[in-house]
Amino acid sequence: MNEIIEAIKRSAIRIKEAIEFDDTGYSENINSTGDTQLKLDIKSDLIIEEEFKKVVCIKEIVSEEKETKTPLHAEGIYGVGYDPLDGSSLIDVNLSVGSIFGIYEGGYAGSNLKVAVYVVYGPRVELVIAQDSVKLYRLNKKDEFVYIQDIVLKEKGKLNAPGSTQMCWEPKHKAMIDAIFADGYRLRYSGGMVPDLHQILLKGGGLFSYPATSDVPKGKLRMIFEVFPFAFVYEKAGGEAIDGHNRILNLNPSHPHDTTPCFFGSHAEIERVRKCYE
Ligand code: P6P
């Protein structure tokens, strides 16, 4: 498992450099989610695949940028699902983006997730590893990830990150979001899942929501590479993650790119979601 974490660290350092200095233009390719791929999406995916190929305990990889799974080592035991550069369209306006990794054993059901890792490429590059606890590391001048602190969510927070297009929300969802703001929560939403969820974790709590909407009835965010890893992080940090009714990590995708509505947050905020969706 540690060799996988080291491969993620090597990838993060290489992707950081690509973000800073490479072409942020669009390629000719469309990915399996229907997004036009940025050259950086493709480059980040290639970097991660190259680094993971050196790790014999990885049996296969499933990338948000590829339609199907890629076998790596027959004798491996882990499957790694990852989004190499989530929110990459934000790079050309110089906002933070991230890489998300789920390390699975025995398939890609939420219950098979063993370790979740994400990287934030912001003013500083930070790495978060969730296993038994959630630990924050920061890249130093010598390209080393140095431990900073454990991340723990409070029972109740102050931030609200409401995703998707408001005109497509169900009325009950809009009423819930408005009520949360009426209680004094502050709007914190950049359109980048990684920095938006990272901020709520570091500020002690709140709610990030990407609901079922009229334009994406099954939600937009992908279970294996985005939703399960952050659900794991939030639970290990003392919070919760649900789809409105069920615990996210009890879900089991039938296709690698399956999506789900998702709500991540402290207990108090998730309780409000349960009441809204019951
Ligand atoms: P919306 C970025 O494209 C992304 O996949 C996530 O990083 C982010 O949380 C979400 O989409 C933003 O979607 O519809 O709110 O712009």
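Draft legend 1. Representation of the overall build of the protein in the model. Along the backbone of the protein there are 6 helices and 15 strands. On C-alpha atoms alone, the protein measures out to a radius of gyration of 18 Å, which is about the 19 Å that the 2.2 N^0.38 rule sets for 278 residues. Taking the principal axes of its C-alpha atoms as reference, the protein extends roughly 50 × 40 × 35 Å. Expressed as a percentage of the 278 residues in the protein, the buried residues total 55%. The contacts in the protein between residues at least 6 apart in sequence include a share of 59% that link residues at least 24 apart. Just so you have it, the protein exposes about 12100 Å², and 51% of that area is on carbon and sulfur atoms. For the protein, the centre of its 33 positive side-chain charges and the centre of its 41 negative side-chain charges are spaced 5 Å apart.

Draft legend 2. Local environment of the sheet that holds strand β6 (residues 97–104). Pairing is mixed in the open sheet, where 8 strands are placed in the order β4-β3-β5-β6-β7-β8-β9-β10. If you trace the sheet from one side to the other, it starts and ends with β4 (70–71) and β10 (145–150), each paired once. Across 5 bridges, strand β8 (residues 125–130) lies against strand β9 (residues 134–139) in antiparallel orientation. By the bridge assignment, Leu-127 is partnered in β9 with Tyr-137. Its contacts with the sheet put helix α1 (residues 2–21) on β3 (58–63), β5 (78–86), β6, β7 (113–121), β8, β9 and β10, and the angle it makes with β7 is roughly 20°.

Rules used in this analysis
Residues numbered from 1 in each chain as written. Predicted model: local features only at pLDDT ≥ 70, side-chain atom pairs only at ≥ 80, totals over all residues. Heavy atoms only, no water. Helix = DSSP H or I, 4+ residues; strand = E, 2+ residues; numbered from the N terminus. Rg over C-alpha atoms; globule rule 2.2 N^0.38 Å. Buried < 20%, exposed > 50% of the residue type's maximum accessible area, 1.4 Å probe, protein only. Contact = heavy atoms within 4.5 Å. Areas by Shrake-Rupley, 256 points an atom, 1.4 Å probe, with all protein chains shown as cover. Lys, Arg positive; Asp, Glu negative; His and termini not counted. Charge placed at Lys NZ, Arg CZ, Asp CG, Glu CD. Pairing = 2+ DSSP bridges. Axes fitted to C-alpha atoms, helices over the stretch in contact; angles between N-to-C directions.

Just distances and angles here, no functional claims.
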